[in-house]
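One-letter residues, chain by chain:
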Amino acid sequence: METALAIVSGSMVAGGIYLLLSQNLVRILFGLIMLSNAVNLVIFTAGGLTHTKPALIEVGRSVPGTAVANALPQALILTAIVIGFALLVFMFVLFYRSYESLGTIDTRQMTKSAPEKPHATDTTTARQEAGS
Amino acid sequence: MKEHPAHDPSTIYWPGRLSALLPLLLFIGAAFQVPEIQKNGALAMAFDWVPSLNVRFDVVLDGLSLLFVLIITGIGFLVTIYADAYLAGHRQINRFFVYLQSFLLSMVGLVLSNNLILLFVFWELTTLFSFLLIGFQNESATARDSARQALLVTGGGGLLLLVGILLIGDVTGTYAISELQGHTERLHRDARYLPILICLLAGAFTKSAQFPFHFWLPNAMAAPTPVSAFLHSATMVKAGIYLLARLHPIMGGTTAWMTTLVVVGAVTALWGAVVAMAKTDLKSVLAHTTIMALGIMTMFLGGRTTPALTAAITFLLVHALYKSSLFMVVGSIDHQTGTRELAEIGGIGRRMPFTAAAALMAALSMAGFPLFLGFIGKEIMYKGALTEDVFPGLATTAALLSNALMAAVAATVALRPFWGRETPKALTAREAPWAIWFGPLVVGAIGLGFGLIPDWVSRWLVEPAVRAFHATGEDITLKLFYGFNYPLLLSVITMTLGAVFYLARQWLRRTLVRFLTAVPMTMEKVYDGGVKATLAIAKWQTRRLQNGSLFQYLTVIIGTTVIGVGGALLHAGTIRVGWSGPPVPVWLGLLLVCMLVGIGIVVRTRSRLLAICGLGVIGTGMAVIFLTYGAPDVGLTQLLVETLTLIFAAIVLLRLPPIERHHRPGFSRMALSLLVAVGSGALVTGLMMAVQHTEVDRTITAFYEQASYLKAHGRNIVNVILVDFRSLDTLGEIIVVAASALSALALIRGKRSSS
């Protein structure tokens, strides 16, 4: 099973990286989602899959009776899933905003760090407003 | 008159004026220590600073340090008063005094340090503040370039100095200067002696403007004149001399030390003297005579006899006095007439009597006239030169020629402008305010006064300073008159030659200018070339590496990771191909195939909706795997987050243009992407293959299993880890979520306000 999961997570990484290398923001976004899933799967598998009982302590006992699943990677992945989600949401908004102000989702055309000159005055006034 | 813009009434002057108290108090404090030091040798104070690195804040005040402290603070005080009047009305005058006094304190720290690392820290601080001082007129490109040049040259030497210091620490096991004297033998015999010497000398030579690193000093004259008077007479450039004297008992006395110092010093002295003769800008003339003086001091520190070392220290004092005075005089001329060109100034002595008196005294000391301290300095210099161990002939010749040229320069600089014919510029000149002539007059008078009481000067100042780095039973007394001997004869020759040079100065200057323009290669050109080449390389590599292409960045980063980690993995040979672990149930196998198909769809499809479906398959598949292998909490979270992610993705993607319209990349780029992607996938698979053959270390898990109920009273171990044992991590996680939500909100709101 571990070997099968190794192949699946390797394929997810390969697919994610390939999408990251495309120059389209939407595909980059897909790549990020896939990569964060792949990393979680890697951590989970590395923790060992021998024991399939959930890491719970039965009522009446103070320690788990039989061997249970490894709780440590699970705790790590839970954190990772939530943080990954938070960052993805931020990415969504960021990409959406950059499309709005630059009018493209092609990263090759997103080279300008500042808007064209006619817009420059707008940003200055915006900054002044923000400052005041 | 660029240096002094119109008076600005809004400038507040008292901070600058008040800062003169700092050097004054330090000077008084140091002066009170003179009898103590003369009697007992040294005062010490220390506390731990970085004990793990064997660095102590360890200060020692001995004769040598004391002489330097007195020179630094005494001249620092007069220069502060001078600068307050000289820069009056400058809008950044208070900033100037911050730089000046910080520099002064760094210098004092430098000469007091008894720990080489501490010394290096102060050394670098002087470099830093001198950079700020030289570049004080920051509107001028010349000032900026000169400041950068001084910083690069002295800073570069400083780095080598650090290497030398670390090597000394490596050889001897200590950084304390006072302890190092016991390790002299070991240092001299060590194979690393020569590298250490080269590094230390590189530091000292760059700082003290020795040939071939001398070029930054004249350029540093872009600084306001008070800075030149302070940095280039008494302090900055003397730091290298101080270091040489300090290291003399530790590193000195070898053939390599003596040969290098005497030859480099002699060449520097002659070069400085010759160029000084050829210049017509008064400040530039003084700058080159400073180079000459530094060369002389280096040359004498190359010796190991008592007269040679006494000569170095005496001349140090002589030079600090007359040079600071002359710099201030030149600044005063510039201030009152608006020019520093020799030809344009003449006969202003009657209009500026105090300045003229100061100039006269300083110049007579510089020329080495009897009754002045300069004369005594010159006598002992010849005595020292004749006793040098290596090249006494070269040393004597260099000293003789330099002194003769210096006498001629002194006459040119100090006599001509004041007592020659009156030039048009001179007619409008008036005496400067008292604060401007006070400093040079005082220092000049000290030069004369000290010359009259040489035994007093040698007893309280020179002798303790020399004995601090040169243990000898010999008598160190300066006298006004040693009797008829070789030094006196040489003095007479010097005076005669000086007079000849002065009378022939027009011809001499023309010849020298012709000679200097004929020199094809100067160190300054080498420096300029080096700077240009560095900038060109930097530009080229930035253009290559930072070209703004996301594709290139990712390819390089991921490719490097794949090659580096994959190479190490292959090298270790821990990958074993083959199935392991529990067998795969059929239904789970089907699920994995579905996930692989999902990956393929996401990668291949040009339809956004199909891609979202593919991602859904992958995410749900993950949730099922989590549920199957004993992680119900993770599985549920995964399912929830996956659903939310896809909803958000759908919302956002509908507002972005479809991928179908996106133009496909070329074949080579596609191939490269494929290669990098497959490589990274293979790396991850390979890593996991390697991992599955190692025993899972469950020590930490075992702790949590044991403690979960007994200590935290929770039956769900995963939850207990998150909310109890690692609750701080969870708090961090919540902060990340909140920060990302707030940032997203700000982005959306920002859009609204700007539209």
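Residues numbered from 1 in each chain as written. Chains lettered and ligands numbered in written order. Predicted model: local features only at pLDDT ≥ 70, side-chain atom pairs only at ≥ 80, totals over all residues.

Observations regarding the pairing of strand E1 (residues 42-50) of chain B
Residues and elements named next belong to chain B.
Now for step 1: Across the nine residues of E1, zero count as buried, placing the element largely on the outside.
Now for step 2: Summarising the sheet, E1 and strand E2 (residues 55-62) pair through eight bridges and their orientation is antiparallel. Following the sheet pairing, valine 50 is matched in E2 by valine 55.
Now for step 3: Here E1 folds back onto E2, and the loop between the two strands holds four residues, one of which, asparagine 54, carries a positive phi near 65°. (Buried ≥ 20, exposed ≤ 12 C-beta atoms within 10 Å, placed from the backbone. Helix = DSSP H or I, 4+ residues; strand = E, 2+ residues; numbered from the N terminus. Pairing = 2+ DSSP bridges.)

Some points on helix H22 (residues 486-503) of chain B
Residue and element names in this part refer to chain B.
Now for step 1: The end-to-end C-alpha distance of H22, which contains 18 residues, comes to 26 Å, matching closely the 26 Å that a straight helix rising 1.5 Å per residue would cover.
Now for step 2: Every buried residue of H22 is listed here: Pro487, Leu490, Ser491, Thr494, Gly498, Phe501 and Tyr502. Down the axis of H22, the sector holding all buried residues measures 105°, keeping them to one side. The exposed residues of H22 that point more than 90 degrees off its buried face are Leu489, Val492, Thr496 and Leu503.
Now for step 3: Where the residues of H22 are buried, they touch helix H16 (353-367), helix H17 (373-386), helix H18 (392-419) and helix H23 (505-518). (Expected span 1.5 Å × (residues − 1). Arc of directions from axis to C-beta. Contact = placed C-beta atoms within 7 Å.)

Examining the packing of helix H13 (residues 255-278) of chain B against helix H14 (residues 282-301) of chain B
Residue and element names in this part refer to chain B.
Now for step 1: For the pair H13 and H14, interaxial distance at closest approach is 7 Å and the crossing angle is 160°. Taken together, the axes of H13 and H14 lie roughly antiparallel to each other. Considering how the two elements wind past one another, H13 and H14 form a crossing that is left-handed. Of the residues in H14, those in contact with Leu261, Val262, Val264, Gly265, Ala266, Thr268, Ala269, Gly272, Ala273, Val275 and Ala276 of H13 are Val285, His288, Thr289, Ile291, Met292, Leu294, Gly295, Ile296, Thr298, Met299 and Leu301. (Axes fitted to C-alpha atoms, helices over the stretch in contact; angles between N-to-C directions. Parallel < 35°, antiparallel > 145°, perpendicular 65-115°, else oblique. Left-handed = near helix turned anticlockwise from the far one by under 90°.)

Structural notes on the interface of chain B and chain A
Now for step 1: Facing the 88 residues of chain B at the interface are 79 residues of chain A.
Now for step 2: When residues of the side of chain B that touches chain A are traced back to their parent elements, those giving at least two are helix H25 (550-572), helix H26 (586-604), helix H27 (608-628), helix H28 (632-653), helix H29 (667-692), helix H30 (699-712), helix H31 (717-725) and helix H32 (727-754) of chain B.
Now for step 3: With 14 residues, the single largest contributor to the side of chain B that touches chain A is H29(B).

Description of the packing of H26(B) against H27(B)
Packed helix pairs are characterised by how far apart their axes lie and by the angle those axes make with each other.
Residues and elements named next belong to chain B.
Now for step 1: Two elements in contact, H26 and H27, have axes whose closest approach is 8 Å; the angle formed by their N-to-C orientations is 150°. The orientation of H26 relative to H27 falls into the category roughly antiparallel. The chirality of how H26 crosses H27 is left-handed. Residue-level inspection shows Leu588, Leu591, Cys594, Met595, Gly598, Ile599, Ile601 and Val602 of H26 in contact with H27, the latter providing Leu610, Ala611, Gly614, Leu615, Val617, Ile618, Gly621, Val624 and Thr628.
Now for step 2: Residue composition of the contact of H26 with H27, grouped by class: 13 nonpolar, four polar and no charged. (Nonpolar A, V, L, I, M, F, W, Y, C, P; charged D, E, K, R; others polar.)

These results come straight from atomic positions and should not be treated as a statement about function.
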